[in-house]
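A closer look at the structure
Single-letter residue listing:
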Amino acid sequence: MLEIRDIQKSFGALEVLKGVSLQVEQGDVVAILGPSGSGKTTLLRCINFLERADAGTMVFDGETVSMHRASHREIAAIRKKTAFVFQNYNLFRNKTALQNVTEGLVIARRMAKAEAVEIGKRSLDKVGLSDRYDYYPSQLSGGQQQRVAIARALATDPKIIYFDEPTSALDPELTGEVLSVMQQLATEGMTMLVVTHEMTFARNVSSKVIFMEDGLVVEEGDAKGFFDHPKTERTKAFLNHSNQ
Amino acid sequence: MNERVWNILTDSFMKILLPGLTMTIPLTVISFAIAMVIAVVTAMVQFAGVRGVKQLARFYVWVIRGTPLLVQLYVIFYGLPGLGIIIDPFPAAVIVFAINEGAYCAETVRAALESVPVGQMEAGYCVGMSYLQIMRRIVLPQAMRTAFPPLSNSLIALVKDTSLAANITVLEMFMATQRIVARTYEPLALYIEVGLIYLLFSTVLTKLQRIGEKRLNTYEKKETV
């Protein structure tokens, strides 16, 4: 459903992505692992065109686009079928939880307000925030904000949701509530591409793992195989280190 | 204070306040409203980096901030007739104050736009909104909240700067006072009186600013959950 071919990206002299390819099938939960600075986040941001890649091709939902030459219209069309959950939530600060969720429906998709509110409430209910519709982001905890962000992502009925280290900014006791929502989505068959440091999540929830280092994919495979029988020395070292 | 001066002050109070209400305030309000439109447009083309227009906006801010308000008033009112362009005192004053204030406020609004975290823009894109939709619904409202105190500051400054319009024969509070002084020869008492009336106007605006800030702050107020 999503295929990336040979994506490259440099910031000045620094080569961040040196030709990464990946494939996500419908219903897959793909975890992207790797040490800091390996290019995971840049990869995800390029895939949703928040950064412009220098080279690469994307096949999304049957359409092929160039990652460095995609037009505004092509990008807008792709973004309407995807959703993005940020590390630091990025909720609209001047909107309530419910407005955060309905904004993309009413404004970007021209949905009738009543219908959008209904979908918005349903999405917030799903992430366990039925009692927080009218709260502003500043009145919510980090975990609650991230769950609003997930509800905002769900509301647009995306074909895939990208998660950029969704729990990295959270206190350990708040990561659980976000991870369990993501786990629930995975069970329901939502396609997800998740950059994460949560090994337990990657092992238990994801169907596929991609391990990156220095702008390259070092190893990839199904989650069980990756964790139980890592192939490369580098992956073994990484897994040993994160188990300690 | 002797009785004569006291009588002059009480007699003149309404004669000064009235032009304040019918001239100073409309002049301020109309000029500031136009200035806001100029400021937001000027700030937005700079923020968005619209080529060509951005340079024009910078040039405008540079020229207006770099020349005295009084000189600008004279150029428009006494200078332009030389080219056959004659503008009545009140509209001339509105034009100059709006253009002058617009340049200062443009910088305030631009700084406020730049203070909105880039993630707000990115989140807007990711839910499928266009640049203009994000600006209008997300970035600009947040920026205007940040810009509100400094813009209130500019408004209060403008109330007082309108006294310069006396120089181009706009009969506002200060000119009204000058006329009474010419008749009564009590400059100290009368100029202090008009100063106090300006202070009164500014005080009302300061109070309004506080109320405005309180209302705008609702979404940032941290409440126990």
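Use the structure listed above.
Residues numbered from 1 in each chain as written. Chains lettered and ligands numbered in written order. Predicted model: local features only at pLDDT ≥ 70, side-chain atom pairs only at ≥ 80, totals over all residues. Heavy atoms only, no water.

Time to look at the packing of helix α2 (residues 53–65) of chain B against helix α4 (residues 89–115) of chain B. Residues and elements named next belong to chain B. As a packed pair, α2 and α4 sit with axes 9 Å apart at the nearest point and diverge in direction by 115°. The two elements α2 and α4 cross, and the hand of that crossing is left-handed. Contacts from Tyr60, Val61, Ile64 and Arg65 of α2 reach α4 at Ala98, Ile99, Asn100, Gly102, Ala103, Tyr104, Ala106 and Glu107. When grouped by side-chain class, the residues that make up the contact of α2 with α4 number eight nonpolar, two polar and two charged. (Axes fitted to C-alpha atoms, helices over the stretch in contact; angles between N-to-C directions. Helix = DSSP H or I, 4+ residues; strand = E, 2+ residues; numbered from the N terminus. Left-handed = near helix turned anticlockwise from the far one by under 90°. Contact = heavy atoms within 4.5 Å. Nonpolar A, V, L, I, M, F, W, Y, C, P; charged D, E, K, R; others polar.)

Residue and element names in this part refer to chain A. As paired strands, strand β1 (residues 2–11) and strand β4 (residues 55–60) are joined by five bridges and run antiparallel to one another. Among the inter-strand pairings, Glu3 is bridged to a residue of β4, identified as Val59. Of the strand pairs in this sheet, β4 and strand β5 (residues 63–66) are connected by four bridges, and their pairing is antiparallel. Considered in β5, the bridge of Val59 is made with Thr64. With antiparallel pairing between neighbouring strands as the criterion, β4 and β5 make up a hairpin whose turn holds two residues, including Asp61 at a positive phi of roughly 55°. (Pairing = 2+ DSSP bridges.)

This next bit is on helix α7 (residues 173–184) of chain B. Residue and element names in this part refer to chain B. Compared with the 16 Å implied by 1.5 Å per residue over twelve residues, the 17 Å span of α7 between its first and last C-alpha is a close match. Those residues of α7 lying buried are Met173, Met175, Ala176, Thr177, Ile180, Val181 and Thr184. In this fold, the buried residues of α7 make contact with α1 (3–48) and α8 (187–216). N-capping of α7 is provided by Glu172, with a side-chain oxygen placed 3.0 Å from the backbone N of Phe174. (Expected span 1.5 Å × (residues − 1). Buried < 20%, exposed > 50% of the residue type's maximum accessible area, 1.4 Å probe, protein only. Polar contact = N/O pair within 3.5 Å; in protein donor to acceptor, adjacent residues only side chain to side chain.)

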